[in-house]
Amino acid sequence: MSEITAEQVAHLANLARIDLSSEEIARLTTELGQIVDSVAKVAEVATPDVPATSHPMPLTNVFRADTVVPSLTVEQALSGAPDRDGDKFRVPAILDEE
Amino acid sequence: MKKAELMDYDKALELFEPVLGFEVHVELNTKTKMFCGCANEFGQGANTNTCPTCLGLPGGLPQVNAKAIESSIRLGLALGCEIAEYSRFARKNYFYPDTAKNFQTSQYDEPIAFNGQLTIELESGRLVTVDIERAHMEDDAGKLTHVGGATGRIQGADYSLVDYNRGGVPLVEIVTQMIEGGEADSPEIGRTYVAAIREIVKALGVSNARMEEGNVRCDANVSLRPRGSNVLGTRTETKNVNSLRSVERAVRYEIQRQAALLHAGGTITQETRHWHEDTGITSAGRPKSDADDYRYFPEPDLVPVAPSREWVEELRATLPEPPAARRKRLQAEWGFANLEFQDVVNSDLLDVVEATIAAGAAAQAARKWWTGEVARLANASGVSADSLVQPAQVAALIELVVAGTLTDRLARQVLEGVIGGEGTPLEVVESRGLAVVSDDGALIAAIDEALAAQPDVLAKIRDGKVQAAGAVIGAVMKAMRGQADAARVRELVLERAGAAE
């Protein structure tokens, strides 16, 4: 069994800004543990002649030319914003009162 | 910490050895952003250069800018780095409103360039070799404005506003190894190193390299090691030190602050600190904490960058002469004294002086005009000298002085006309009627009149008191409204005084 703990899940949830109930943390601790175990099985069969990869496609160097294409209009860009002030996105205070 | 509580700099160095490290962010001057085709430009209205990709909207997919890769490789090569055969992007995950995607697309374990070296020369002539750990590619964040509160700073703000025009602009972050042995030169090493990076990116043409616009930004890491110890001290990272002078001041301040704290038995908190240009101090930002667990992982939406060795060698062939070598060569070619040359370099006028000389001007004349009158006019209007007038115009102006068409004084008026958009120097001379009166007939008439009006002066000159001629010369220059060559007038005055005998 993997060593995923409820504390780790709570920490991850905090980093990912996901609000989890204690029931959800318990369930995810089990599920994440199973995933880690499954990955560990794959690692067992990995041999040095299989290079690590970050991508399933055998592709490299996919580039685009440095050519400007039209951007969104300001109205389009701001259309999904919960709040705005003029042409800027408005967000709540970043730091708590000190 | 108040200035009075800082430890004396010399004493701090007696007790501790400073250890430095720098992270310099260079904003590339590509036409478009790193991963989308939005324009990479400033001065536009807020949020005019955004798209689903740089706003992190669902469905947005990044596409790598080929020019940004090319610029990054050239910069890596100019820093003496090896270029990775295989490099990839990674997501650096954190939540902050200036980063719309909730991650920065950066590089983690496979940066594009690594293991470089840059040798810098201090004012004393001391050479310091800075080892470059890596130079990696990433995208920039948007720009925040904090509203409300007393100071306009983030602390106490009621809310913040975001402009994502800068979000996604390509950056190269250059990270040094630890720099030891800097000793009392440490602050100067910081300034000189950042200046050298700035000079290199400018020479490469990969960045606009204007620190005041944030094109080159420096984070300075400083820690102190007690003399006789081989254990590294806790470091602080002072963020966004955005002028060369500030780099020097911030490093010096941190040495003095940390030394005072440590000497009093305190400990250094590993933290981010903010540099305050106005007061010349740093203040605590957030401490390193859980929030720095960035959960890096390979960017699944981008395939690896694997530059072929042929491409790397092609790019190596495009590298300009290293700026330090170029400076040495130009100083020798121009025959400038150290102070004269430093003046040109420190005023950021090397390129324009070189171009002016290439356009035919004598080296000393080019130097004199750029560091003198042009710099003075630029200062007065708060712009950079090289934005005020073209080197070719300055060369043309100098040519008119050499040809005797203009005196220095008239040439300064012509320069103002050229800067004012009245045309080329020659056109300004014609339109303002500023040429030197070189018609001896007109001068002689004025001289004879002046001599006749001042018979006592005429007598003195005839007695051999040549210095008395000054009064007549002055009167003639006045009559010519300054548009005469004073040396020629003097010659003619003596001649006429003699001839009248």
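Nothing here was measured: the structure is a model prediction, and the numbers come from that model.

1. Some remarks on the overall build of chain B
When helices and strands are tallied, chain B shows 16 helices and 15 strands. Taking 2.2 N^0.38 as the reference for a compact globule, 501 residues should give roughly 23 Å; the C-alpha atoms of chain B span a radius of gyration of 30 Å, well beyond that estimate. Residues counted as buried form 41% of the 501 residues belonging to chain B. For chain B, the share of sequence-separated contacts (at least 6 apart) that also reach a separation of at least 24 residues comes to 68%.

2. A few points about the nonpolar core
Residues and elements named next belong to chain B. Ranked by size, the top nonpolar core spans 73 residues in total, and within it V26, A135 and I197 carry the most contacts. When residues of this core are assigned to their parent elements, the largest contribution, seven residues, is made by helix 3 (residues 186-204). With near-sequence residues (within four places) excluded, V26 lies in contact with L75, L171, V172, I174, V201, S207 and V216.

3. Let's talk about unusual backbone geometry
If you check the backbone angles, N61 of chain A has positive phi at about 55 degrees while not being a glycine. We note that N102 of chain B has phi near 70 degrees; this positive angle belongs to a residue other than glycine. Inspection of the secondary structure assignment puts N102 of chain B in the loop between strand 4 (90-93) and strand 5 (103-106).

4. Some remarks on the interface of chain A and chain B
Taken together, the contact pairs 32 residues of chain A with 39 residues of chain B. When contributions to the side of chain A that touches chain B are tallied by element, the ones reaching two or more residues are strand 1 (63-64), helix 3 (74-78) and strand 3 (88-92) of chain A. Here the side of chain A that touches chain B is built from residues that sort into 18 nonpolar, six polar and eight charged. As judged from the two bridges shared by strand 1 of chain A and strand 2 (residues 64-65) of chain B, these two strands associate in the parallel manner. Its bridge partner being in strand 2 of chain B, R64 of chain A is matched across the sheet by N65 of chain B.

5. Some words on the domain arrangement of chain B
When cut into domains, chain B gives domain 1 (3-294), domain 2 (323-432) and domain 3 (440-499). The distance between the C-alpha centroids of domain 1 of chain B and domain 3 of chain B comes to 66 Å.

Rules of the game
Residues numbered from 1 in each chain as written. Chains lettered and ligands numbered in written order. Predicted model: local features only at pLDDT ≥ 70, side-chain atom pairs only at ≥ 80, totals over all residues. Helix = DSSP H or I, 4+ residues; strand = E, 2+ residues; numbered from the N terminus. Rg over C-alpha atoms; globule rule 2.2 N^0.38 Å. Buried ≥ 20, exposed ≤ 12 C-beta atoms within 10 Å, placed from the backbone. Contact = placed C-beta atoms within 7 Å. Core = buried A, V, L, I, M, F, W, Y, C linked by C-beta atoms within 7 Å. Nonpolar A, V, L, I, M, F, W, Y, C, P; charged D, E, K, R; others polar. Pairing = 2+ DSSP bridges. Domains from an automatic or database assignment.

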